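Here are the chains, one letter per residue:
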Amino acid sequence: MAKEVSPGVKALRKVVEDVYADARKAKAEGKLVGWSSSKFPCELAEAFDLNVMYPENQAAGIAANRDGEIMCQAAEDLGFDNDICGYARISLAYAAGKRAARKIDWDKEDGYVINPRTGKPLKDADGNIVMGPDGKPVKDPKTQTPYIVLEDIYEIEALPEGREKERRRESIQPYRQMRMPQPDFVLCCNNICNCMTKWYENIARMCNIPLIMIDVPYNNTMDPNPENVKYIRAQFDNAIKQLEELTGKKFDEAKFEHACKQANRTAQNWLKVCNYLQYKPAPLSGFDLFNHMADVVTARGKKEAADAFDLLAVDLEKNIKEGTSTLPFPEQYRVMFEGIPCWPKLPNLFKPLKANGINVTAVVYAPAFGFVYNNMDEMVSAYCKAPNSVSIEKGVEWREGICRENKVDGVLVHYNRSCKPWSGYMAEMQRRFTADLGIPCAGFDGDQADPRNFNEAQYETRVQGLVEAMQIRKEMAE
Amino acid sequence: MSLEARFQEFKAAAYAPKKLLNEYKAAGKKVIGVLPYYAPEELVYAAGMVPMGIWGSNNKTIARAKEYCATFYCTIAQLALEMMLDGTMDQLDGVITPTICDTLRPMSQNFRVSMAKLQKMPTIFLAHPQYRRPAFGLQFTVDQYTNVRNELDKIAGHKMTDEDIRAAIKVYNKFRQARREFVKLAGEHPEAVSAVNRSAVLKAGYFMEKPAYTEKLNELNAELAALPASNWNGVKIVTSGIICDNPVLLKIFDDNNVAIATDDVAHESRTIRVDADEEGDPMMALAKQFANEDYDVLLYDEASNQNRRGEFVANLVKESGAKGLVLFMQQFCDPEEMEYPYLKKALDGAGIPHIKLGIDQQMRDFGQAATAIQAFADVLSM
Ligand code: SF4
Ligand code: SF4
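Here is a short report on the structure shown in this document. The structure displayed is predicted, hence computed values, not measured ones. (Residues numbered from 1 in each chain as written. Chains lettered and ligands numbered in written order. Predicted model: local features only at pLDDT ≥ 70, side-chain atom pairs only at ≥ 80, totals over all residues. Heavy atoms only, no water.)

**Overview of the side chain of Asn197(B)**
All names here are of chain B. The cut-off we apply is this: Going along the chain from the N terminus, every DSSP run of H or I of four or more residues is numbered as a helix, and every run of E of two or more is numbered as a strand. Accessibility here uses a 1.4 Å probe with only protein chains present; expressed as a share of the type maximum, an area under 20% marks a residue as buried, one over 50% as exposed, and anything in between as partly exposed. Note on definitions: a residue-residue contact is assigned when non-hydrogen atoms from the two residues lie within 4.5 Å.
Looking at where asparagine 197 falls in the secondary structure, it is placed in helix α8 (residues 195-204). Using a relative accessible area of 7% as the deciding quantity, one classes asparagine 197 as buried. Those residues within four positions of asparagine 197 in sequence are excluded, and the remaining contacts are Glu4, Phe7 and Lys11.

This is how it looks when you write it as structure tokens:
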């Protein structure tokens with residue numbers, strides 16, 4: 001399948017790349033770079049022109065690049081238990097200076113030691129796989145990659161200047177998430193989980209840097225209570241004061257308003273894009289949204305992100321007119337995917353879906369990032385509504401809303417070992433989906449970042465079970 | 001009364017909460033279950049009802065709770081739900097569900113939903129702020145506690161007054177004072193207070209009515225204080241973690257001559273370090289009491305770039321005269337797990353040896369723990 005990248009997707013990719021590149025540049029120029037939790041009110045940092053990186057997005061990227069395991073293991077070696085959220089483990093290892101690096105071939109002037117197990121089979125001119133003398137397929141050397149080992153930037157920095165230092169520095173995996181600058185401050189908002197609080201405290205301790213915290217208590221009602229709004233509103237003022245101290249600048253009202261305007265546009269455009277999944281068949285694969293989440297996380301308050309989603313909407317409009325889709329197979333079933341995907345196993349997640357013609361036409365991240373507001377109090381309320389900070393009734397309402405609008409035939413629930421707040425009431429939610437919507441649900445065990453917690457055979461069986469249930473339901477409807 | 005007879009009384013309460021619950025009900029009292037952590041129990045008392053702490057169980061197996069929970073949640077939360085589902089706690093008139101960790105957040109929903117479905121009892125939701133000390137944080141705590149107060153009033157069928165709360169605060173300050181004193185005396189007199197008995201005395205405080213408990217404990221304390229100086233020749237340690245109340249596990253300490261000098265355990269000393277003001281606005285007094293809590297894995301530390309908690313625990317060990325620390329790590333408890341590396345750092349920095357014992361409440365075989373404790377005792381007595 002030749003992959004043609006549409007202008008919208010290209011623009012979205014560039015936005016994220018630029019966010020990382022700008023931060024690297026800022027760091028090199030001696031400017032402050034912060035790390036922030038994904039649902040911290042970015043509008044505040046934007047008002048101070050701060051460069052901010054997002055460890056959750058970074059951890060997802062590291063996991064998708066298959067370095068989740070080595071980083072998780074590094075955190076475990078630092079004493080962090082393997083029960084802790086995989087994002088937190090990856091991020092804490094990174095904050096401690098650990099890096100996934102290519103194994104240097106010290107016998108040579110340059111280059112790395114190739115892992116013989118990597119790579120794709122070599123094909124001859126006729127497209128046949130070339131077999132070696134041992135009867136096994138020969139690997140195409142162009143596709144082979146080095147062994148991955150653990151590096152430590154603080155160890156490297158302690159070396160005397162010279163070739164060894166240079167080579168070790170260069171050996172660090174070259175993708176952007178493994179080259180993210182170390183933080184000068186951290187911004188933590190625990191609306192998604194309380195694990196965040198201690199995770200960021202640990203980073204602040206490791207790096208001896210200030211932590212700016214916004215505490216969003218868990219909500220038991222459909223909408224945040226006025227007391228909660230008041231409490232959080234006061235913290236915004238507090239955070240602004242801390243940011244003024246940190247930067248030595250005054251809070252810039254105009255910049256703040258600009259950021260709010262852009263953040264609203266991004267949220268609206270994100271929702272618009274997500275809503276294309278309502279079309280049947282959909283003009284896109286729901287898995288695309290998982291990739292585009294990077295933009296809402298890292299660049300919500302930026303004009304470029306809002307613009308890029310606009311462009312993507314144009315692409316999707318075109319797909320509808322032309323009757324095409326980014327889904328590489330005909331859509332037979334439509335499901336909601338509940339939870340964060342298992343990033344290291346995306347292809348494995350996709351495989352049985354493809355085999356059964358299943359498109360993911362609803363993801364909880366659609367409403368989860370749709371922070372739309374008109375004033376400061378509404379902004380506070382918006383930030384109270386993160387996936388893991390709302391009551392079960394609110395959570396069910398969100399999900400059933402998108403299930404109806406996006407016309408799903410079933411729900412696939414990821415029991416995510418990493419995410420206790422998310423998975424903690426899924427069993428009851430599943431029962432409600434089935435009772436309220438009459439659709440089958442299937443759950444599987446996995447982990448968003450640690451590949452050791454995903455069982456592919458179980459996943460395939462559960463998908464198969466879901467397909468059978470959806471099939472029966474379809475036949476009964478006919 | 002002999003010391004042993006006194007311990008027996010506490011044990012009877014500690015090991016049979018259900019029996020006590022039935023007795024309270026038979027006497028026409030209303031009883032409120034209180035889940036961990038930091039619920040303002042004073043309000044339950046002020047409402048004229050009996051609070052009973054629910055911290056899981058050492059004798060149950062998760063069965064019904066599986067309908068609500070995936071496997072990767074601590075047994076404390078799962079077994080608490082189990083007891084609410086399997087009838088053990090059916091006689092309760094209500095339950096307070098705090099939400100200070102990522103397990104308790106969704107569990108608060110499971111409690112509420114399941115109790116409503118089975119028409120068992122009302123649940124009272126409680127969210128604590130992580131900003132405990134600034135004015136806006138104190139106000140939020142007051143707001144939350146006011147919700148709890150109103151819900152308790154509904155269950156009690158009458159409104160508690162500020163005076164009732166002030167009286168409750170006095171009762172609880174005395175209760176905490178007696179417990180602190182007991183912890184100190186138990187640490188000084190391991191020859192008289194075994195680890196098993198120490199735990200039973202502290203655990204009984206969650207189930208017995210507070211004034212009666214405090215009175216009995218003061219009597220015990222007086223006897224302990226009158227003992228001649230201890231001639232104990234074993235090793236002393238400090239315990240740390242969420243809970244370690246399993247008598248089978250604690251007996252291993254006794255068998256190996258390992259005594260608990262003091263503790264940094266949530267179920268024990270972490271909740272009795274701070275008293276509330278007896279004068280002034282009692283709701284604010286309770287909020288301030290929470291604000292003054294500190295050095296806890298569950299609480300945000302505004303001075304987060306320092307290692308205050310780790311150093312606090314290391315100091316506790318030093319000041320108590322203990323030689324090492326035993327950390328009881330509840331499986332799947334990420335607040336404890338997240339703070340372990342920095343606790344270790346502080347202990348290592350202070351030259352304090354420690355071991356980490358992975359435990360959960362469904363554990364029945366303590367062979368591995370016994371080996372580790374024995375080996376640790378050997379190291380410490382060298
Ligand atoms: S919300 Fe879940 S996945 Fe995200 S950081 Fe918290 S525990 Fe981890
Ligand atoms: S603090 Fe730990 S042991 Fe306590 S309920 Fe939360 S996860 Fe469970």
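Moving on, there is more to tell.
**Comments concerning the interface of chain B and chain A**
Note: interface size is frequently given as the accessible area lost on complex formation between the parts. Rules: Buried surface area refers to the total accessible area, computed with a probe of radius 1.4 Å, that the two partners give up upon joining, counted for both partners together. Counted as salt bridges are all cases of a side-chain nitrogen of Lys or Arg within 4 Å of a carboxyl oxygen of Asp or Glu. Any N or O atom pair separated by 3.5 Å or less is treated as a polar contact, with the protein-specific requirement of one donor-capable and one acceptor-capable atom, and with residues adjacent in sequence counted only for side-chain atom pairs.
Contacts between the two partners involve 50 residues from chain B, matched on the other side by 58 residues from chain A. Buried surface at the junction of chain B and chain A, both sides included, amounts to about 4500 Å², of which 55% is carbon and sulfur. Taken together, chain B and chain A are joined by 4 salt bridges. Between Asp334(B) and Lys420(A) there is a salt bridge, with the nearest N and O atoms lying 2.7 Å from each other. At the surface where chain B touches chain A, the tally comes to 29 residue pairs in polar contact (both at pLDDT 80 or more). Contributing elements (two or more residues each) for the side of chain B that touches chain A: α5 (104-117), α6 (135-156) and α13 (334-349) of chain B. Considering each element in turn, the side of chain B that touches chain A owes the most residues, 8 residues, to α5(B).

**Looking at helix α13 (residues 346-355) of chain A**
Looking only at α13(A), the buried set comprises Leu346(A), Asn348(A), Leu349(A), Phe350(A), Pro352(A) and Leu353(A). Gly357(A) sits one or two positions beyond α13(A) and adopts a positive phi of about 70°.

**Some words on the site of ligand 1**
Filter applied, for reference: Definition of nearness: a residue and a molecule or strand are near each other if at least one heavy atom of the residue lies within 4 Å of the molecule or strand. The residue classification treats Ala, Val, Leu, Ile, Met, Phe, Trp, Tyr, Cys and Pro as nonpolar and Asp, Glu, Lys and Arg as charged. All others, Gly included, are polar.
Taken together, Cys85(A), Ile192(A), Cys193(A), Met196(A), Trp199(A), Ile340(A), Asn388(A), Ser418(A), Cys419(A) and Gln448(A) form the complete shell of residues around ligand 1. Considering only residue class, the shell around ligand 1 consists of 7 nonpolar, 3 polar and no charged.

**Overview of the site of ligand 2**
Residue and element names in this part refer to chain B. Definition in use: Lining residues are those with an atom within 4 Å of a point, where the points come from a 1 Å grid over the protein atoms alone and group into cavities, where a 1.4 Å probe fits but cannot get out, or pockets, open sets with protein on both sides within 12 Å along at least five of seven lines. Assignment of a molecule to a cavity or pocket requires that more than half of its atoms lie within 2 Å of the corresponding grid points.
Taken together, Tyr37, Cys74, Ile76, Cys101, Thr103, Leu104, Ile242, Leu298, Phe332, Cys333 and Pro335 form the complete shell of residues around ligand 2. Assessed atom by atom at 2 Å from the grid points, ligand 2 resides in the second largest cavity. Among the residues making up the shell around ligand 2, the classes are represented as 10 nonpolar, 1 polar and no charged.

**As for the pattern of salt bridges**
Residues and elements named next belong to chain B. Within this structure, the stated rule accounts for 73 salt bridges over all chains. Aspartate 301 is the salt-bridge partner of arginine 308, the closest N and O atoms lying 2.9 Å from each other. Both residues of the pair, arginine 308 and aspartate 301, count as buried. If you follow the salt bridges from partner to partner, you end up with Asp264, Arg270, Arg273, Asp296, Arg309 and Glu336 in one network.

**Observations regarding the pairing of strand β6 (residues 258-265) of chain B**
Residues and elements named next belong to chain B. Convention followed: Pairing between strands is defined by DSSP: at least two bridges between the two strands are required. Here, the term right-handed applies to a crossover whose path from the first strand over the helix to the second runs clockwise when the strands point away from the viewer.
Counting buried positions over the 8 residues of β6 gives 8, a clear majority of the element. Pairing of strand β5 (residues 235-241) with β6 involves 7 bridges; the strand directions are parallel. Counted as the bridge partner of valine 238 is threonine 262 from β6. In this region the chain leaves β5, passes through helix α10 (residues 247-255) and returns to the parallel neighbour β6; the handedness of that crossover is right-handed.

**Observations concerning unusual backbone geometry**
With an omega dihedral of -5°, the bond running from Lys280(A) to Pro281(A) counts as a cis peptide bond. Considering the arrangement of structural elements, one finds Pro281(A) in the loop between α10 (253-275) and α11 (286-299). Tyr37(B) follows Pro36(B) through a cis peptide bond whose omega is 10°. The phi dihedral of Arg66(A) is positive, around 70°, even though this residue is not glycine.

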